[in-house]
Amino acid sequence: MQVDLKAATAAVELITGGWRAQCLYTAVKLGIPDLIEDGKTTNAQLAEATGAVEEGIHRLMRLLVAVGVFEGDGVRGYRNTPVSSVLLNDPDSLRDMCLLYGEEFYTAWGHAVECITTLTAGFEIAYGSPLYTYLSQNPEATTRFQLAMKAGNLFFDYVPEVVDLSGKTFVDVGGGPGQLTAAILSAVPDARAMLLDREHVIPVARQNLAAFDRVELFGGDMFAAVPEGGDVYFLCRVLAGWSDDSVVGVFENCRKAMNPDGRLIILERVVVDSDSTMLPALWDLHLLMTNGGRHRTVEKFTSLLERAGLVVERVADLPVETTAIIARPR
């Protein structure tokens, strides 16, 4: 019986996907996109600059040229492509995302079988502590994590297009380093902001938001309380790692703290259980690997909001398969 060559090729592509990811990680870890940008473009020049053996560089780059990360060759010189250009050491690049996913998160995925069969986070199995505990004890990892999160927040600039924030005070609950807050304040000159996150995150947010005089920073726990007096409360990618009861508690805190005509806005990737596309299903599994969390459906969020005395007013689509769920007090 002849093997289905198309199916076999597809299977091999999936089987070897981790190898390609680690080759990309290696190039970024060695700083190769930046070296090429600086004019070090041959195998010999890259080997000298990175301290690597030239043959290793040659074999790595041969693969990465084949998959379209770079162009050229090791004799006449390599060139960056649009793919490697978004991995340069720039503030808005995907570099730190690549490093985090190639190190801690890659290790977490190595425990996928145990993780999926027991619903125990792969990260916790690998490192002996939950993700956020690990981050609170490792400043370098925290910085890399926050920058990686920033790289995945390509939809931030579009939020003011789906929510009217003119003249309003918004609260960024679990706002991390303040990227959503900064994007909104830049786009809406008469908006004011409050940002809440854990104490060890606030110094990073303060530095990132130093250019704005329309923001107050609060160190605290969103499960205990949130700042009062906001017109709009954002929960942006902070709910996936928590139980339904914990999420309802956060919703209740926001409802009690908001102004009478306030709104709660959830910014999340959501999943569907039928005819799912690849990325939402993949990110959902990634949450299980990293913090034991999950993505929820719009219907699930609706039921949790109703438990907290809120009703969904409308749902809006944002770039990179992100959804805005806008809710008001019942």
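About the cut-offs
Residues numbered from 1 in each chain as written. Predicted model: local features only at pLDDT ≥ 70, side-chain atom pairs only at ≥ 80, totals over all residues. Heavy atoms only, no water. 1 Å grid on protein atoms, 1.4 Å probe; cavity = no way out; pocket = protein on both sides within 12 Å on 5 of 7 lines; lining within 4 Å. Points joined across faces, edges and corners; volume = space filled by probe spheres on them. Helix = DSSP H or I, 4+ residues; strand = E, 2+ residues; numbered from the N terminus. Nonpolar A, V, L, I, M, F, W, Y, C, P; charged D, E, K, R; others polar. Phe/Tyr/Trp six-rings, centres within 6.5 Å; stacked < 30°, edge-to-face > 60°. Buried < 20%, exposed > 50% of the residue type's maximum accessible area, 1.4 Å probe, protein only. Axes fitted to C-alpha atoms, helices over the stretch in contact; angles between N-to-C directions. Parallel < 35°, antiparallel > 145°, perpendicular 65-115°, else oblique. Left-handed = near helix turned anticlockwise from the far one by under 90°. Contact = heavy atoms within 4.5 Å. Pairing = 2+ DSSP bridges. Right-handed = clockwise from strand over helix to strand, strands pointing away. Polar contact = N/O pair within 3.5 Å; in protein donor to acceptor, adjacent residues only side chain to side chain. UniProt positions renumbered as here; feature names shortened; annotations may be inferred. Arc of directions from axis to C-beta. Salt bridge = Lys/Arg side-chain N within 4 Å of Asp/Glu carboxyl O.

If you check an unreviewed UniProt entry, the protein chain appears there as Dimerisation domain-containing protein from Kibdelosporangium aridum.

1. Considering the layout of surface pockets
In this structure, the largest pocket occupies an estimated 1600 Å³ of space. Sorting the residues of the lining of the largest pocket by element identifies α2 (17–29), α5 (54–66), α7 (95–102), α8 (104–109), α11 (131–137), α12 (139–151) and α17 (278–291) as the ones contributing at least two each. Here the lining of the largest pocket takes 8 residues from α17, the largest share from any one element. The residue inventory of the lining of the largest pocket, partitioned by class, reads 34 nonpolar, 10 polar and 5 charged. As a volume, the second largest pocket reaches approximately 490 Å³.

2. Here we look at the packing of aromatic side chains
Across all of its chains, the model carries 10 aromatic pairs by this definition. Centre to centre, the rings of Tyr101 and Trp283 are 6.1 Å apart; their planes meet at 80 degrees, and the pair counts as edge-to-face. Remark: Trp283 occurs in helix α17 and Tyr101 occurs in helix α7; sequence separation between them is 182 residues. Residue Tyr101 is classed as partly exposed on the basis of its relative accessible area of 28%. Their ring planes at 90 degrees and their centres at 5.0 Å tell us that Phe155 and Phe156 sit as a pair that is edge-to-face. Phe156 gets classed as buried once you look at its relative accessible area, which sits at 7%. Grouped by ring-pair contacts, the aromatic residues Tyr132, Phe145, Phe223 and Trp242 constitute a single cluster.

3. A closer look at the packing of α2 against α7
For the pair α2 and α7, interaxial distance at closest approach is 9 Å and the crossing angle is 125 degrees. What the angle tells us is that α2 and α7 run oblique. When the axes of α2 and α7 are compared, the crossing they make is left-handed. For the pair α2 and α7, contact is made by Gln22, Leu24, Tyr25, Val28 and Lys29 and by Arg95, Cys98, Leu99 and Gly102, respectively. Of the residues that constitute the contact of α2 with α7, the class distribution is 5 nonpolar, 2 polar and 2 charged.

4. Focus: the environment of Ala316
Mapped onto the fold, Ala316 is located in strand β8 (residues 310–318). Sequence-wise, Ala316 and Leu63 are 253 residues apart; in three dimensions their C-alpha atoms are separated by 40 Å. Those residues within four positions of Ala316 in sequence are excluded, and the remaining contacts are Val162, Thr322, Thr323 and Ala324.

5. With respect to the pairing of strand β7 (residues 263–268)
On a regular strand, each side chain points to the face opposite its neighbour's, so the side chains alternate between the two faces of the sheet. Of all 6 residues that make up β7, 6 are buried, and the element is covered over most of its length. Alternating positions in β7 separate into two faces, Arg263, Ile265 and Leu267 on one and Leu264, Ile266 and Glu268 on the other, with burial throughout. For strand β6 (residues 232–236) and β7, the ladder comprises 5 bridges, and the chain directions are parallel. Within the sheet, the bridge partner assigned to Leu235 lies in β7 and is Ile266. Between β6 and its parallel partner β7, the chain crosses via helix α16 (residues 244–257), and the hand of that crossover is right-handed.

6. Here's the deal with the side chain of Thr297
By the element assignment, Thr297 lies in the loop between α17 and α18 (298–307). A polar side-chain atom of Thr297 sits 3.0 Å from the main-chain amide nitrogen of Lys300.

7. A few points about the UniProt feature "domain: O-methyltransferase dimerisation" (unreviewed entry) in the protein chain
UniProt marks residues 13–89 with the feature "domain: O-methyltransferase dimerisation" (unreviewed entry), using the numbering shown here. Here residues 13–89 is 61% helix and 10% strand, with 29 Å between the C-alpha atoms at its ends.

8. Quick notes on helix α4 (residues 43–50)
Of all the residues in α4, the buried ones are Asn43, Leu46, Ala47 and Thr50. Buried residues in α4, looked at end-on, bunch into an arc of 100 degrees, giving them a common side. Elements in contact with the buried residues of α4: α3 (32–37), α5 and β2 (77–80).

9. Comments concerning the pattern of salt bridges
Inspection of the entire model under this criterion finds 16 salt bridges. Linking Asp73 and Arg76 is a salt bridge whose minimum nitrogen-to-oxygen distance equals 2.6 Å. Asp73 gets classed as partly exposed once you look at its relative accessible area, which sits at 22%. Classification of Arg76 as exposed rests on a relative accessible area of 74%.

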